[in-house]
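In case you want the letters, here they are:
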Amino acid sequence: MAKKRVVSTTINGKSIELLCEPRQTLLEVLRDNLDLTGTKEGCSNGNCGACTVLMNGRPVVSCLVLAMEAEGASLETIEGVAQGGDLDPIQQAFLENAALQCGICTPGFIMSTKALLTENPNPTEQEARFYLAGNLCRCTGYDKIIRAVLDSAQRRQAALAAERQHS
Amino acid sequence: MATANNDLRHTNGHAKYKVIGTRPVRHDGVDKVTGRARYGADIHPSGMLYGVVLRSPHAHARIRSIDTSKAASTPGVRAIVTNKDLLDPGNRMVELGEGAVNLRHLNHNVLAADKVYYRGHAVACVAADSIHIAEQAAALICVDYEVLPCVTDVQAAMDPKAPLLHADLFTEELGKIGTKPSNIAKHFRFEKGDVAAGFSKAKFVVEREFKTSTVHQGYIEPHNATALWNPDGHITVWCSTQGSFTVRQQVAELVGVPISHVKVVPMEIGGGFGGKIRVYLEPIAAVLSRKTGAPVKVVMSRADVFEATGPTPGSYMKVKLGVDAAGLITAGEAQIAFEAGGFPGSPVGAAAMCVFACYEVPNGKIDGYDVVVNRPQMSAYRAPGATQAAFAMETVIDEVCEQLQIDPLEFRLKNAAKEGTRRVDGPVFPRIGMYEATLAARDSAHYKTPLTGKHRGRGVASGFWFNIGLKSCCTATVNADGSVSLVEGSTDIGGSRTSIAMQLAETLGIRAEDVVPAVVDTDSVGYTDVTGGSRVTFATGWAAYEAARDIQRQLINRAAQIWERKTEELTYQDGGVSGPNGLRMTFQELAAEVQKHGEPVVGRGAVDPEGCGGAFATHVVDVEVDAETGKVEILRYTATQDVGTAIHPSYVEGQIQGGAVQGIGWALNEEYFYDAQGVMRNSTFLDYRMPTALDLPMIDPVIVEVPNPGHPYGVRGVGEVPIVPPPAAIANAIYRAVGVRMQELPMSPPRVLKQILAAIHTSSPRH
């Protein structure tokens, strides 16, 4: 067993130092070392997207990232999406559009949607489908997920407009 | 928020209901969008060890010996188990809630005994301090295999010269046990009327053969189990399952303890579709825990899930249909052979019951064959068996319609099964909605809009699936603040906490949000059968209704005491108790009163309902075929379904959409590729290609409500039937688009292209 290493990283705005083996994936460390189990494991080879987290703002499948690569990075997981006790508009849109059934893929979809809306605040249906093609859902047939994503975009726009009005 | 709910009322509208038909946010929703919901793999009891299963690299082999000594001496390894550590439960059948299972076969499937029957068959399991140590140690176990010839194809396995899987398997031929071992576990037959006479009356007779590939349920969450065997002999199992009580029974049988010594804690479950009923890891985790004294967790890899769990059978089928000049079916004949996997027990029986079930078939004969092959033990998958059967039947109907020059939906309306229709396998239908679902398809905007464009075509197909009853329990406690805590035993895969809570709320006249539902462990609620057979909203919803009626009775008694009236003078209505002279207390007022005086009010519902209503669906699909590559694109999709009563329309729609898309995947891409050695070559999500968001349009569900007279709120099972029509509907659409009849699933680009090229070849003049 290789010697454990210290990794300094930021997770959901909190600076932390963690101990891990060089062979451990970011997914394993999030779930097993840090008990951040909202990030799900579906395939461990990058095909299902259930383990999607944001690394320096970009979506990555954490099963294909070594924990040691997180040194100095800023990570965001599903546990950090709701701010100050309020759901993010994406989370609210997923709830109100009934965009989940079993819910195992939901954290990954929400993280990918967050990245999508940062890159493209007003996606078309086709753009949303393209961006989310790396996230598998076996329950919903995607219909209500895509509607929730488009609804999230509108909610975000409305929230931004309201913010601008206040300032 | 009554107004918000009213705004979201679905168009059918239930004037008589206040809660049913609305779309509240599900009770477990926030936990699931914030990552707080704990699924099976998410728990880490202190001191937990990790288990890794060693699996067979061979499709068929005898195990001469297993040497675990090297693995056992690896630092950090705590225990190793093989089949010897399980209890041999004997060669006997037990009822596990949804179908009977041979316990010895179950035991041998969990950990192979003398033989492995498929690649991926579990052979041993190591528990160690870390997952990585366990993986390394598992690789050090030496298994001496005598590799045997394998057979993975159902037709090949039926050949008397095929390699035999089980020397002690004798065909049950029409009820009689044979004398020679064979891979055909069972041959059964259903008959009705006079088939020969029926075909003699037919003007058109079409007979075709079909093949379908093995497909997997494809849930995103891999199987997992964590177990703790306490020194007092009591075992706790945490797992993701469709049925906590069936897991309790299976674990008890395989490790040899009374069921009361096993507590199963159902964690949130990341999809099942029929594949999370049989146990795989739970007994292994339990015996590892007994050996180590620590909790042990075992989680499958995705490759394990593909190679060793699920899938649902590939098939060989032949369907023959006779129709008279008036377009009425005169006779039908079907032969259906299903892969059972390494052990007998495929869902071929259900396939045989479903194949002609959508129609009035006066004369019919159906033969079913259950055939063992060197593939994983087959499991249920959403309407198990019905999708394969419908692929055959519904494409034969399309050919018949072409010969008759009749609109395929008109044909279905003309021949639709209805109340009083006797199925070929015997049962007589109660009030059903095959006709109404098909009418809704014919009258849909989709079907009325002409489809134009090159290589485009429209197809339709119908499907049937049962709705089972079985046992369910609920208890409901009235809280002083006017809410109700609802405890139930049905694991919630897709929002059933809410559909059950809504039926309780409707009955008590309170809001859905005033019910706090909880799915609890097997020690904390009455026996409840599996989440399967489209039964939970039907049967556990009924249990919630009974619990609410029980609360009504108790509140009437309480009000009678308060008002010093006879209970017969009082009624429970509109969310409260009313009596003579304007006496009235609301549920909320009574709830507060109950807290001050007298015994608490706890309602109980325990049901095993009859009165299941069958579910019917008709789908319409437009496709465009790329004639150069054979790739099929879905342009538009409409799915109609008789749902009885839609309790929560959003989740009903979700079931219809999700089922349709699983059917689309089955139709177009999904299949198991085996090489000559019986090794699955596509055991990843990259190569086992399930539909992605990019592959699909929106799926338009049309909810048809023909209330089921056998349920207090008219509920029918919803979840399964939408997977049934898609492969046939798409095959029929491909025919209209490019003129080729597809008789093999999946209709992947190479297969479609092959048919297109063959058609060009036969139609072009020879030189």
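Small disclaimer: the values here were computed from a predicted structure and weren't measured.

Cut-offs applied
- Residues numbered from 1 in each chain as written.
- Chains lettered and ligands numbered in written order.
- Predicted model: local features only at pLDDT ≥ 70, side-chain atom pairs only at ≥ 80, totals over all residues.
- Heavy atoms only, no water.
- Helix = DSSP H or I, 4+ residues; strand = E, 2+ residues; numbered from the N terminus.
- Rg over C-alpha atoms; globule rule 2.2 N^0.38 Å.
- Buried < 20%, exposed > 50% of the residue type's maximum accessible area, 1.4 Å probe, protein only.
- Contact = heavy atoms within 4.5 Å.
- Pairing = 2+ DSSP bridges.
- Domains from an automatic or database assignment.
- Buried area = accessible area lost by both parts, 1.4 Å probe.
- Salt bridge = Lys/Arg side-chain N within 4 Å of Asp/Glu carboxyl O.
- Polar contact = N/O pair within 3.5 Å; in protein donor to acceptor, adjacent residues only side chain to side chain.
- Expected span 1.5 Å × (residues − 1).
- Axes fitted to C-alpha atoms, helices over the stretch in contact; angles between N-to-C directions.
- Parallel < 35°, antiparallel > 145°, perpendicular 65-115°, else oblique.
- Left-handed = near helix turned anticlockwise from the far one by under 90°.

Engineer: Provide a residue-level description of the overall build of chain A, including the pertinent values.
Structural biologist: Looking only at helices and strands, chain A has five helices and five strands in total. Helices (α) and strands (β) of chain A occur, in sequence order from the N terminus, as β-β-α-β-β-β-α-α-α-α. Relative to a compact globule of 167 residues, whose C-alpha radius of gyration would be 15 Å, chain A shows 16 Å and is just as compact. Classification of the 167 residues of chain A by burial places 53% in the buried group. Put simply, of all contacts in chain A between residues at least 6 apart along the chain, 55% involve residues at least 24 apart.

Engineer: Please set out the sheet that holds strand β8 (residues 142-147) of chain B residue by residue, giving values where relevant.
Structural biologist: All names here are of chain B. What the three strands build is an open sheet, ordered β6-β2-β8; its pairing is antiparallel. Pairing within the sheet leaves two strands with one partner each, and these edge strands are β6 (115-116) and β8. With two bridges joining them, strand β2 (residues 61-67) and β6 adopt antiparallel strand pairing. Looking across to β6, one finds that alanine 61 is bridged to valine 116.

Engineer: Give me the domain arrangement of chain B: which residues, what numbers.
Structural biologist: Residues and elements named next belong to chain B. When its domains are assigned, chain B resolves into domain 1 (2-37 + 469-607) and domain 2 (385-467 + 612-762). The gap between the C-alpha centroids of domain 1 and domain 2 is 36 Å. Contacts between the two partners involve 26 residues from domain 1 and, on the opposite side, 24 residues from domain 2. For the pair domain 1 and domain 2, the summed buried area comes to about 2,000 Å², and 58% of that belongs to carbon and sulfur atoms. Broken down residue by residue, the surface that domain 1 buries against domain 2 is led by Arg23, Ser534 and Phe538, which jointly contribute 30%. Applying the counting criterion to the domain 1 and domain 2 interface returns one salt bridge. Here arginine 23 ties to glutamate 653 by a salt bridge, and the two come within 3.3 Å at their closest N and O atoms. At the surface where domain 1 touches domain 2, the tally comes to nine residue pairs in polar contact (both at pLDDT 80 or more). Looking at the side of domain 1 that touches domain 2, the elements with two or more residues in it are α16 (496-508) and α17 (536-563). Residue contributions to the side of domain 1 that touches domain 2 peak at six residues, all from α16.

Engineer: For the domain arrangement of chain A, give the residues involved together with the corresponding values.
Structural biologist: In many analyses, interface size is given as the accessible surface area lost on bringing the parts together. Residues and elements named next belong to chain A. Partitioning chain A into domains gives domain 1 (5-80) and domain 2 (89-166). Across the contact, 14 residues belong to domain 1 and 14 residues belong to domain 2. Here domain 1 and domain 2 share an interface that buries about 1,100 Å² over both sides, 62% of which is from carbon and sulfur atoms. At the boundary of domain 1 and domain 2, one finds two salt bridges. Here glutamate 76 and lysine 114 are joined by a salt bridge, their closest N and O atoms 2.6 Å apart. Taken together, domain 1 and domain 2 are joined by three residue pairs in polar contact (both at pLDDT 80 or more). The dominant element in the side of domain 1 that touches domain 2, judged by the number of residues it contributes, is strand β3 (residues 52-55), at three residues.

Engineer: Could you give an account of the environment of leucine 404 of chain B, naming the residues involved and the relevant values?
Structural biologist: Residue and element names in this part refer to chain B. By secondary structure assignment, the location of leucine 404 is in helix α12 (residues 386-404). Judged by its relative accessible area of 17%, leucine 404 is buried. Spatially, the C-alpha atom of leucine 404 lies 32 Å from that of threonine 629, the residues being 225 residues apart in sequence. Setting aside chain neighbours within four positions, we find leucine 404 in contact with Phe204, Val323, Asp324, Ala325, Gly327 and Phe411.

Engineer: With reference to specific residues and values, describe the pairing of strand β19 (residues 364-372) of chain B.
Structural biologist: All names here are of chain B. Among the nine residues of β19, eight are classified as buried, and the element is accordingly described as predominantly covered. Pairing of strand β11 (residues 184-192) with β19, which is carried by eight bridges, proceeds in the antiparallel orientation. If you follow lysine 192 over to β19, its bridge partner there is glycine 364.

Engineer: Account for α17 of chain B, with residues named and values stated.
Structural biologist: All names here are of chain B. Between its first and last C-alpha atoms α17 spans 39 Å; for 28 residues at 1.5 Å apiece the expected length is 40 Å, and the two agree. Taking burial as the measure, the 28 residues of α17 include 20 buried ones, the bulk of the element. Looking at the residues trailing α17, positive phi occurs at glutamate 564, about 55 degrees.

Engineer: Summarise the interface of chain B and chain A; cite the residues concerned and give the values.
Structural biologist: Taken residue by residue, the interface counts 57 residues in chain B and 48 residues in chain A. Interface area for chain B against chain A, summed over the two sides, is near 4,400 Å², with a carbon-plus-sulfur share of 57%. Put simply, chain B and chain A have five salt bridges between them. A salt bridge links aspartate 42 of chain B to arginine 31 of chain A, with the nearest nitrogen and oxygen atoms 2.7 Å apart. Connecting chain B to chain A are 29 residue pairs in polar contact (both at pLDDT 80 or more). Listing elements by their share of the side of chain B that touches chain A, those giving two or more residues are α2 (29-33), α5 (131-139) and α19 (649-668) of chain B. Per-element tally for the side of chain B that touches chain A: the top contributor is α19 of chain B, with nine residues.

Engineer: Account for the sheet that holds strand β10 (residues 176-181) of chain B, with residues named and values stated.
Structural biologist: Residue and element names in this part refer to chain B. Taken together, seven strands build an open sheet; the order of strands is β10-β9-β11-β19-β18-β17-β12 and the sheet is mixed. Looking at the sheet topology across the chains shown, the edges are occupied by β10 and β12 (204-212). When the angles between neighbouring strand axes are averaged without regard to direction, this sheet yields 10 degrees. In this structure, strand β9 (residues 170-173) lies alongside β11, joined through two bridges in parallel fashion. Residue pairing across strands places glutamate 172 opposite lysine 186, the latter belonging to β11. The strands that α12 touches are β12, β17 (315-323) and β18 (329-341); relative to β12, the one it contacts most, it runs at about 150 degrees.

Engineer: Requested: an account of the packing of helix α13 (residues 408-415) of chain B against helix α14 (residues 434-442) of chain B, with residues and values cited.
Structural biologist: Residue and element names in this part refer to chain B. Where α13 meets α14, the axes come as close as 9 Å, and the angle between the chain directions of the two elements is 160 degrees. By the angle class used here, α13 and α14 are roughly antiparallel. Once α13 is placed against α14, the crossing between them reads as left-handed. Contact residues: Leu409, Glu410, Arg412 and Leu413 in α13; Met434, Tyr435, Thr438, Leu439, Ala441 and Arg442 in α14.

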